[in-house]
Amino acid sequence: MYYIADLHVHSHYAYATSKDLDLERLYEWACIKGIHVVGTGDFTHPQWFETLQHQLVPDGNGLYRLQHPPTPAWPHDVMDIRFCLSTEVSCLYKHADQWRKNHLLIYAPDMATVAKLNAKLATHGNLAADGRPTLRLSARDLLEIVLETSSRAHLIPAHLWTPWFSTLGSKGGYDCVEACFRDLTPHIFALETGLSSDPAMNRQCSQLDRYTMVSNSDAHSPYNLGREATLFDTALTYDAMFDALKTKVGWLGTFEFFPEEGKYYMDGHRRCGVCLPPETTQQHQGLCPVCKRPLTLGVLHRVRTLADRHTTGSTAEGAPCTYLVPLMQIIAQLKGIGVRTHGVRREYQRLIGLFGNEFKLLTDVSIDQIAQQLGRVYAEAIRRLRAGQVKRVPGYDGVYGQVHIFQPEELAAAHQPGLF
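Nothing here was measured: the structure is a model prediction, and the numbers come from that model.

Procedures and definitions
- Residues numbered from 1 in each chain as written.
- Predicted model: local features only at pLDDT ≥ 70, side-chain atom pairs only at ≥ 80, totals over all residues.
- Heavy atoms only, no water.
- Helix = DSSP H or I, 4+ residues; strand = E, 2+ residues; numbered from the N terminus.
- Buried < 20%, exposed > 50% of the residue type's maximum accessible area, 1.4 Å probe, protein only.
- Contact = heavy atoms within 4.5 Å.
- Areas by Shrake-Rupley, 256 points an atom, 1.4 Å probe, with all protein chains shown as cover.
- Lys, Arg positive; Asp, Glu negative; His and termini not counted.
- Charge placed at Lys NZ, Arg CZ, Asp CG, Glu CD.
- Phe/Tyr/Trp six-rings, centres within 6.5 Å; stacked < 30°, edge-to-face > 60°.
- Axes fitted to C-alpha atoms, helices over the stretch in contact; angles between N-to-C directions.
- Parallel < 35°, antiparallel > 145°, perpendicular 65-115°, else oblique.
- Left-handed = near helix turned anticlockwise from the far one by under 90°.
- Nonpolar A, V, L, I, M, F, W, Y, C, P; charged D, E, K, R; others polar.
- Pairing = 2+ DSSP bridges.
- Salt bridge = Lys/Arg side-chain N within 4 Å of Asp/Glu carboxyl O.
- Polar contact = N/O pair within 3.5 Å; in protein donor to acceptor, adjacent residues only side chain to side chain.
- pLDDT = per-residue confidence, 0-100.

Asker: Sorry, what's going on with the overall build of the protein chain here?
Answerer: Within the protein chain, the secondary structure is distributed over 15 helices and 17 strands. The principal-axis extent of the C-alpha atoms belonging to the protein chain is close to 65 × 60 × 40 Å. A total of 420 residues make up the protein chain; the buried ones form 59% of that total. Sequence separation of at least 24 residues holds for 69% of the intrachain contacts in the protein chain that already meet a minimum separation of 6. Entry remark: accessible area of the protein chain is about 16900 Å², with carbon and sulfur atoms responsible for 51%. Positive and negative charge centroids in the protein chain, built from 41 and 43 side chains respectively, lie 5 Å apart.

Next up, the structure:
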């Protein structure tokens, strides 16, 4: 069975997330986007775990269904959404004379495993303080706890290259996965690319060849669900999904941000508005040319530092990597208004009502059909997106980048006959 999974999301109990992040809205937005399996996020938080126990029912295959799915507020596909028990934790510890800050994803096959795991982790940090708790525990020791709790529980390093909180990041990270997880490294089988990197960037480092690359949204609000996702063709079960990640059989690749759109792609200093490519950073000896303070080294810089080869394909195995721009962003660009305005929301609802879900429109519907139903401007926008014919303005130091499908002068003339 072909299905799409987004296995890194959050609840409203996590820091800096939307109050709308509850199970009902995750379910509804999964239908709107076209996602079949969604992570619950934050199962370490006591109140959220209680909610999961009350509102989810096991499907008999290691995944869960929402007991009382919401009635759609507006027309869209209704799908049989499954939830995968998941959480993200932050490990803060000192190793090899350096402070480490690693964000890690944990998955469990049932509530009993979560309860046992939470009881163990509660001795290493305050689980109620944040949906993504901070643990005074090394990443290696966390993995040991996960493995001891259940042979079916799994750990995947989150957003592998993010400067501040990742396994290979420029601040607090390691130069290789083995240095982080040491003797337990063989139990790491997948790595999350994060918004600021893609599989092609990761494959510049031959040390990562043995790992399967996964992508997820890390959604802090419901409408960001699915901005990245992982594709499968397996039985719709917990074990089959993770077996596919271990063996790469049944793993079909990912939906990706253009990595330049990620907020840590390039080097920079947000306060000074400075964004630099790695070679210019080196010329300035890693210092901001405005204030002379250290620049935040981005993902591109870090990948190049550890790279031992150049690649041009999306993955060494040839699995597809499809780049997408969220539909709301496309609408906002075409209308020349903000992404979160009522005008964009109304148009988004209209388009989802016509095509069923967002991924279907962005990836499956023919350009001719889009032109017939939406007009030539939308058709050209989707055509350019699928062909990768976009202008990319890179993000840096916490500032999201931008992807422009049309130039300003094209938009100004967008409704004139014969433009495309």
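Asker: I would appreciate a short explanation of the environment of Leu 306 in the present structure.
Answerer: Tracing the backbone through its elements, the reader meets Leu 306 in helix α9 (residues 299-306). The exposure class assigned to Leu 306 is buried, which follows from its relative accessible area of 17%. Separated by 133 residues in sequence, Leu 306 and Gly 173 place their C-alpha atoms 12 Å apart. In contact with Leu 306, not counting residues within four places along its chain, are Trp 161, Tyr 174, Asp 175 and Cys 205.

Asker: When you look at the packing of aromatic side chains in this model, what are you seeing that I'm missing?
Answerer: Remark: the centre distance and the inter-plane angle together describe each pair of aromatic rings, the angle taken between the planes. Throughout the structure, instances matching the rule amount to eight aromatic pairs. With a centroid separation of 4.8 Å and 50 degrees between ring planes, the pair formed by Phe 255 and Phe 359 is classed as tilted. Remark: Phe 359 occurs in helix α12 (residues 358-364) and Phe 255 occurs in strand β12 (residues 251-256); sequence separation between them is 104 residues. As far as the burial class goes, Phe 255 and Phe 359 line up, both buried. By way of ring pairs, the aromatic residues Trp 29, Trp 74 and Tyr 348 are connected into one cluster.

Asker: Which parts of the structure should I look at to understand the packing of helix α10 (residues 327-335) against helix α14 (residues 376-387)?
Answerer: Helix-helix packing is characterised by the crossing angle of the two axes and by the distance between the axes. Running from N to C, α10 and α14 cross one another at 130 degrees; their axes reach a closest spacing of 11 Å. Classified by the interaxial angle, the pair formed by α10 and α14 is oblique. Of the two elements, α10 crosses α14, and the hand of that crossing is right-handed. Together, Ile 330, Ile 331 and Leu 334 of α10 and Val 377, Tyr 378, Ala 381, Ile 382 and Leu 385 of α14 make up the contact between the two elements. Partitioned by chemical class, the residues of the contact of α10 with α14 number eight nonpolar, no polar and no charged.

Asker: Is there a simple way to explain the pairing of strand β11 (residues 229-233) in this structure?
Answerer: Look at any regular strand and the pattern is simple: side chains alternate between the two faces of the sheet. The element β11 is largely enclosed, with a buried count of four among its five residues. Relative to β11, strand β1 (residues 2-6) runs antiparallel, the two sharing four bridges. Bridge pairing in β11 places Ala 5 opposite Thr 230. One ladder, built from four bridges, connects β11 with β12; its direction is antiparallel.

Asker: Would you explain the pattern of salt bridges in this entry?
Answerer: Where charged atoms of side chains with opposite charge meet at close range, the side chains can pair. This structure, assessed with the given rule, holds 21 salt bridges. Its salt-bridge partner being Arg 82, residue Asp 59 comes within 2.6 Å of it at the nearest N-O pair. One end of the pair, Asp 59, is in the loop between β3 (56-58) and β4 (64-66); the other, Arg 82, is in strand β5 (residues 82-95), with 23 residues separating them in the sequence. Note that Arg 82 is salt-bridged to Asp 80, the shortest N-O span being 2.8 Å. On the basis of relative accessibility, which here comes to 9%, the residue Arg 82 falls in the buried class. In this structure, a network of salt bridges that share partners links the residues Lys 19, Asp 20, Asp 22 and Arg 25.

Asker: Explain unusual backbone geometry to me, please; I cannot follow it from the model alone.
Answerer: Trans peptide bonds make up most of the peptide bonds, and negative phi angles are found at most residues other than glycine. Positive phi values are uncommon outside glycine, yet Asp 97 reaches one of about 65 degrees. With respect to the secondary-structure elements, Asp 97 resides in the loop between β5 and β6 (98-108). Notably, Asp 397 is not glycine yet its phi reads approximately 45 degrees, a positive angle. Relative to the elements of secondary structure, Asp 397 occurs in the loop between β16 (391-393) and β17 (402-404).

Asker: I tried to follow the environment of Asn 126 on my own but got confused; where do I start?
Answerer: By the element assignment, Asn 126 lies in the loop between α3 (111-121) and β7 (134-135). As a C-alpha pair, Asn 126 and Gln 98 span 28 residues in sequence and 23 Å in three-dimensional space. Within the structure, the side chain of Asn 126 is placed 3.1 Å from the backbone nitrogen of Ala 128, a separation counted as a polar contact.

Asker: Explain the confidence of the model for the protein chain to me, please; I cannot follow it from the model alone.
Answerer: Regions with low pLDDT should not have their predicted coordinates read in detail. Per-residue confidence for the protein chain gives a mean pLDDT of 95; residues scoring 70 or more make up 96%. For residues 313-317, every residue scores under 50 in pLDDT, and the model assigns this stretch 15 contacts once sequence neighbours within four places are set aside.

Asker: Would you take a moment to explain the packing of α10 against helix α11 (residues 342-355) for this structure?
Answerer: The N-to-C vectors of α10 and α11 enclose an angle of 120 degrees; their axes lie 9 Å apart at closest approach. Judged by the angle between their axes, α10 and α11 are oblique. α10 and α11 meet at a crossing whose hand is right-handed. When α10 is examined against α11, the residues Leu 327, Met 328, Ile 331, Ala 332 and Lys 335 are found in contact with a partner set consisting of Gly 343, Val 344, Arg 345, Glu 347, Tyr 348, Leu 351 and Ile 352. Of the residues in the contact of α10 with α11, the class split is eight nonpolar, one polar and three charged.

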